Amino acid sequence: MATIFAACDGPAGDVVTDATPELASFEVVSDGHPLTVWARVPAQPTQVVLLLHGRTWSILPDFDLATGGQPSLMEFLASEGVAVYGLDARGYGATPRDGTGWLEPDRMAEDARSVLEWLRDTHPDLGSPVVLGWSYGSAVGHLTAQRWPELVSGVSLYGYFKDPAQAYPVSSASGEPARAPTTREAALSDFITPGSIDSTDIERFVEAALRADPVRVDIRNAHHLNALSPDSLTVPTQILQGELDPIAPTPVQERLFQGLGTPHKEWIVLPGCDHAAHLEVCKERFESAFLRFVREVG
């Protein structure tokens, strides 16, 4: 595939919402720990997608919230024939914390690996899933695809924040995790650009986020992400960037894109949106770009 740097425009197409599969949940055990995997699976799926959420909120508020009178991302993908699954990491949503009380990047990647292996067995005729990771999940998706490329057909890195030119200092929190309550302010923080999303949709997101994740997950050992190496990412790769996203600035995306170890790569800029582009005014552009990638590589 040719290298692309483009602003994606054009709608994702008509969505048959009355054919959208019901939301379901599954339990996948990873190293003895139960993980909750949410899903919308059509009767005869053509591809498989695994969604990885961001730092603060779990799968349902992030990816199964309808906005702008349109279906959620999970509903949209399922109505297009994609079996879509989303992993609640340890301590998020319906997945309990483990005995340590802490979460760390290597553990998150190992859990994603367990779910990918389960999906391979669940859909043996559909090939490997496409992984989409948002924000913190983009780093986890990168780490997973870099370490176990045989388990994925492609990876979409959305809202990518880890600058390949910088390393995190080695540190490890100890003692009891804080388990601090999440806040309305935190739920509002992803919506940065005035006018990028309707205020009613923001309120719906805040309500869903605080209901799903009342306690902030405690993450340590961020230096695990120093293992991320763009040139070691050899599977087809898509970068999705909100034009106005301060968490995923253009210089970081450029260094990531230029360093990728795969010739099958694209960089899509979504105009007028910021960090939560899949919920904002460019939602249809986001869906169109991601669905095309899934159908191409999945």
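What counts and how
Residues numbered from 1 in each chain as written. Predicted model: local features only at pLDDT ≥ 70, side-chain atom pairs only at ≥ 80, totals over all residues. Heavy atoms only, no water. Helix = DSSP H or I, 4+ residues; strand = E, 2+ residues; numbered from the N terminus. Contact = heavy atoms within 4.5 Å. Areas by Shrake-Rupley, 256 points an atom, 1.4 Å probe, with all protein chains shown as cover. Lys, Arg positive; Asp, Glu negative; His and termini not counted. Charge placed at Lys NZ, Arg CZ, Asp CG, Glu CD. Expected span 1.5 Å × (residues − 1). Buried < 20%, exposed > 50% of the residue type's maximum accessible area, 1.4 Å probe, protein only. Disulfide = S-S within 2.5 Å. Salt bridge = Lys/Arg side-chain N within 4 Å of Asp/Glu carboxyl O. Pairing = 2+ DSSP bridges. pLDDT = per-residue confidence, 0-100. Right-handed = clockwise from strand over helix to strand, strands pointing away. Phe/Tyr/Trp six-rings, centres within 6.5 Å; stacked < 30°, edge-to-face > 60°. Lys NZ or Arg CZ within 6 Å of the ring centre and 35° of its normal. Core = buried A, V, L, I, M, F, W, Y, C linked by side-chain atoms within 4.5 Å.

Caption draft 1: Representation of the overall build of the chain within the structure. Counting its secondary structure elements, the chain contains 8 helices and 9 strands. Counting only C-alpha atoms and orienting by the principal axes, one finds that the chain spans roughly 50 × 45 × 40 Å. Within the chain, contacts between residues separated by at least 24 positions form 80% of all contacts whose residues are at least 6 apart in sequence. When the accessible surface of the chain is totalled, it reaches about 11,700 Å², and 51% of it is carbon and sulfur. Distance between charge centroids for the chain: 5 Å, based on 21 positive and 40 negative side chains.

Caption draft 2: Quick peek at helix H8 (residues 283-297). Between its first and last C-alpha, H8 extends 21 Å over 15 residues, near the 21 Å set by a 1.5 Å rise per residue. Considered for burial, the residues of H8 that qualify are Lys283, Phe286, Glu287, Ala289, Phe290, Leu291, Phe293, Val294 and Val297.

Caption draft 3: Geometry of the state of the cysteines. Scanning the entire structure with this criterion turns up 1 disulfide. Shown here is the disulfide that connects Cys273 with Cys282, its sulfur atoms set 2.2 Å apart. For the pair Cys273 and Cys282, one class covers both residues: buried.

Caption draft 4: Spatial organisation of the pattern of salt bridges. Per the counting criterion, the structure on display carries 20 salt bridges. Where Arg107 meets Asp111, a salt bridge forms, and the shortest distance between an N and an O atom there is 3.1 Å. Linking Arg107 with Asp111, this pair stays in helix H3 (residues 105-122), spanning 4 residues, or about one helical turn. Residue Arg107 shares its accessibility class with Asp111, and that shared class is buried. A salt bridge links Arg292 to Glu296; the nearest nitrogen and oxygen atoms lie 3.8 Å apart. Note that Arg292 and Glu296 are positioned in helix H8 at a spacing of 4 residues, about one turn of the helix. Classification of Arg292 by relative accessible area gives partly exposed; the value is 34%.

Caption draft 5: Looking closely at the pairing of strand E5 (residues 82-88). The buried fraction of E5 amounts to 7 of the 7 residues, a majority that puts the element mostly inside the structure. Every second residue of E5 is oriented toward a common face, with Val82, Val84, Gly86 and Asp88 on one face and Ala83, Tyr85 and Leu87 on the other, all of them buried. When strand E3 (residues 33-40) meets E5, the two strands line up antiparallel, connected through 5 bridges. Paired with Thr36 across the two strands is Asp88, which belongs to E5. Here 6 bridges tie strand E4 (residues 47-52) to E5, and the two strands are oriented parallel to one another. Note on E5: the bridge partner recorded for Gln47 is Val82.

Caption draft 6: Geometry of the confidence of the model for the chain. Within the chain, residue pLDDT values average 93, and 94% of them lie at 70 or more. Here strand E1 (residues 4-7) stands out as the element of the chain with the lowest mean pLDDT, 37, in contrast to E5, whose mean of 99 is the highest. This stretch, residues 1-18, has a pLDDT under 50; its non-local contacts, to residues over four places away or in other chains, come to 42 contacts.

Caption draft 7: Expanded view of the pairing of strand E9 (residues 265-270). Most of E9 is tucked away: 6 of the 6 residues are buried. Both faces of E9 are covered, namely the face carrying Lys265, Trp267 and Val269 and the face carrying Glu266, Ile268 and Leu270. Sheet topology note: the strand E8 (residues 237-242)/E9 ladder contains 6 bridges and is parallel. Each bridged residue has a counterpart across the sheet, and for Gln241 the counterpart in E9 is Val269. The handedness of the E8 to E9 crossover, carried by helix H7 (residues 250-259), is right-handed.

Caption draft 8: The packing of aromatic side chains, seen in detail. Using the criterion set out here, one finds 9 aromatic pairs in the structure. Here Phe63 and Trp134 contribute two aromatic rings whose centre-to-centre distance is 6.1 Å and whose plane-to-plane angle is 65 degrees, an arrangement assigned as edge-to-face. Note that Phe63 is positioned in helix H1 (residues 59-63) and Trp134 in strand E6 (residues 130-134), a separation of 71 residues in sequence. The pair Phe63 / Trp134 is uniform in exposure class, with both members buried. Here a set of aromatic residues connected by ring pairs shows up, and it is made of Phe63, Trp134, Tyr158 and Phe286. Sitting over the ring of Tyr168, Lys162 keeps its end group 5.3 Å from the ring centre. In this structure, Lys265 packs its charged tip against the face of Phe257, placed 4.7 Å from the ring centre.

Caption draft 9: Fine view of the nonpolar core. Grouped together as the largest cluster of nonpolar side chains are 45 residues, with contacts concentrated most on Leu50, Tyr85 and Val115. Elements with a minimum of two residues in this core: E3, E4, E5, H3, helix H4 (136-147), strand E7 (154-158), H7 and E9. Among the elements that line this core, the one with the most residues is H3, at 6 residues. Setting aside its immediate chain neighbours within four residues, Val115 contacts Val28, Leu35, Val37, Leu50 and Leu87. By size, the runner-up hydrophobic cluster in this structure holds 41 residues, among which are Leu65, Tyr158, Phe290 and Leu291.

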